[in-house]
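Breakdown of the fold
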Amino acid sequence: MHPMLNTAVKAARRAGTVIVRALPDIDRLRVETKSRHDFVTEVDRRAEEIIIKTLKAAYPDHGILAEESGADAGNEWEWVIDPLDGTTNFLHGFPQFAVSIALRRRGRLEQAVVFDPLRDELFTATRGEGAQLNDRRIRVSRVADFDLALLGTGFPFRESDSVAQWVRLFERVACRTSGVRRAGSAALDLAYVACGRLDGFWETGLKPWDIAAGALLIREAGGIASDLFTDGDPLDSGNILAANPRVYGHMRTAFADDTRPADQPTRPAN
């Protein structure tokens, strides 16, 4: 394992321990509302603190972009961190949340970790070296027939225009596939595309920490992750379309007639 990836794994596991230990006391946690449907707990903050402490101990000059503490400038390397992707799920005891850590150099993704502490599933990737789940090599699914595809998505929460657009996109794929799932953690959804549990995924209004690790996992597993409306970088727009190559083509065709709203709202990054 690459030394930087090894450090990220150590940080993710330590954060996972903080999260799991807090589960029995969910009802007593302090919860703050950052915005509508966007929550943060003391567990998010403790998990993020231990991640940053672990990373900075090994690489003190690296920059940080984290959900709760924001940006901390450094050298050409930057860690992109979501300490608890799926906070709303966590608060309800719904078992779908994860730690997400990515490393990019001059904007290019180099390392990725998505850790599900409940299932002890560790998804990792290094640029150019493939993707793994608990040290087993993973690949995106081989599903080619769109009728057989299982897709994942996330719902918009704020402006009505965004909801209307999501409904249009949903209608274009819901009756043409095996189904669409919305589990509430983009990081895990993308990891599931990487290992073939989902054949494709789309969502709008995400933050870089929601999708950075997942995007590299998918690419290293043989899939495609791009902007939903263009061929650009989803980390720049927050709008992502990710899938195995054949399903990606079907989804791109299905969504082709839609256009991005002039004022695309941002989804709460929980």
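Anyway, here's the lowdown on the structure attached to this text. (Residues numbered from 1 in each chain as written. Predicted model: local features only at pLDDT ≥ 70, side-chain atom pairs only at ≥ 80, totals over all residues. Heavy atoms only, no water.)

Position of Ser237 among the secondary structure elements: in helix H7 (residues 234-237). A polar atom in the side chain of Ser237 sits 3.1 Å from the backbone nitrogen of Asn239. (Helix = DSSP H or I, 4+ residues; strand = E, 2+ residues; numbered from the N terminus. Polar contact = N/O pair within 3.5 Å; in protein donor to acceptor, adjacent residues only side chain to side chain.)

On to the sheet that holds strand E10 (residues 136-138), then. An order of E4-E3-E5-E6-E7-E8-E9-E10 is seen for the eight strands of this open sheet, with the pairing classed as mixed. In this open sheet, the two strands that pair with only one neighbour each are strand E4 (70-72) and E10. On average, each strand axis in the sheet is tilted by 20° relative to the strand beside it, whichever way the strands run. With three bridges connecting them, strand E9 (residues 131-133) and E10 associate as antiparallel partners. By the bridge assignment, Ala131 is partnered in E10 with Ile138. (Pairing = 2+ DSSP bridges. Axes fitted to C-alpha atoms, helices over the stretch in contact; angles between N-to-C directions.)

Counting buried positions along strand E7 (residues 108-116) gives eight out of nine residues, so the element sits mostly inside the fold. Inspection of the sheet shows strand E6 (residues 98-105) paired to E7 by seven bridges, in the antiparallel sense. Paired with Ile101 across the strands is Val113, a residue of E7. A loop of two residues connects E6 with E7, the two strands running antiparallel in sequence, and Arg106 in this loop sits at a positive phi of about 50°. When E7 meets strand E8 (residues 121-126), the two strands line up antiparallel, connected through six bridges. Within E8, the residue paired with Asp116 across the bridge is Glu121. Where E7 folds back on E8, the antiparallel hairpin that results is connected by four residues, among which Asp120 adopts a positive phi of roughly 55°. (Buried < 20%, exposed > 50% of the residue type's maximum accessible area, 1.4 Å probe, protein only.)

Among all residues except glycine, the phi angle is most often negative; among peptide bonds, the trans geometry is most common. Although it is not a glycine, Arg106 adopts a positive phi angle of roughly 50°. Tracing the backbone through its elements, the reader meets Arg106 in the loop between E6 and E7. Under the relative-accessibility criterion, Arg106 is labelled exposed at 69%.

With that settled, the discussion passes to helix H8 (residues 245-255). Buried within H8 we find Val247, Tyr248, Met251, Ala254 and Phe255. The arc that holds every buried residue of H8, seen down its axis, measures 130°, which confines them to one face. Projecting away from the buried face of H8 at angles above 90 degrees are the exposed residues Arg246 and Thr253. Here H8 starts with a cap whose side-chain oxygen sits 3.0 Å from the backbone nitrogen of Arg246, and that cap is Asn244. (Arc of directions from axis to C-beta.)

On to the packing of helix H1 (residues 3-22) against helix H2 (residues 42-58), then. The contact between H1 and H2 brings their axes to 9 Å, and the two run at 160°. Judged on the interaxial angle alone, H2 and H1 are roughly antiparallel. Seen along the crossing, H1 lies across H2 with a hand that is right-handed. In this structure, H1 uses Thr7, Ala8, Lys10, Ala11, Arg14, Ala15, Val18, Ile19 and Ala22 to contact H2, whose residues at the interface are Val43, Arg46, Ala47, Ile50, Ile51, Thr54, Leu55 and Ala58. Classifying every residue of the contact of H1 with H2 by side-chain character gives twelve nonpolar, two polar and three charged. (Parallel < 35°, antiparallel > 145°, perpendicular 65-115°, else oblique. Left-handed = near helix turned anticlockwise from the far one by under 90°. Contact = heavy atoms within 4.5 Å. Nonpolar A, V, L, I, M, F, W, Y, C, P; charged D, E, K, R; others polar.)

Here we come to the environment of Ile101. Structurally, the position occupied by Ile101 is in strand E6. We classify Ile101 as buried; its relative accessible area is 1%. Measuring from C-alpha to C-alpha, the distance between Ile101 and Val113 comes to 5.2 Å, with twelve residues separating the pair along the chain. Once you skip the residues sitting within four places of it in the chain, Ile101 turns out to touch Ala8, Ala11, Ala12, Ile51, Leu55, Trp79, Val80, Gln111, Ala112, Val113 and Ala213.

For the coordinates displayed, the defined rule picks out seven aromatic pairs. Ring plane angle 35° and centroid distance 6.3 Å describe the contact between Tyr59 and Trp79, whose orientation is recorded as tilted. Of the two residues, Tyr59 sits in the loop between H2 and strand E3 (63-66) while Trp79 sits in strand E5 (residues 77-85), which places them 20 residues apart along the sequence. Summarising the burial analysis for this pair, Tyr59 and Trp79 share the class buried. An aromatic cluster of at least three residues, connected via ring pairs, comprises Phe155, Trp166, Phe170, Trp202 and Phe255. (Phe/Tyr/Trp six-rings, centres within 6.5 Å; stacked < 30°, edge-to-face > 60°.)

Turning to the environment of Asp85, a few remarks are in order. Take Asp85: it is sitting in strand E5. On a C-alpha basis, the gap between Asp85 and Ala98 in space is 5.3 Å, while along the polypeptide they are 13 residues apart. Of the polar contacts made by the side chain of Asp85, one reaches the backbone nitrogen of Ala186; its length is 3.1 Å.

In short, the description is geometric, and any link to function would need to be established separately.
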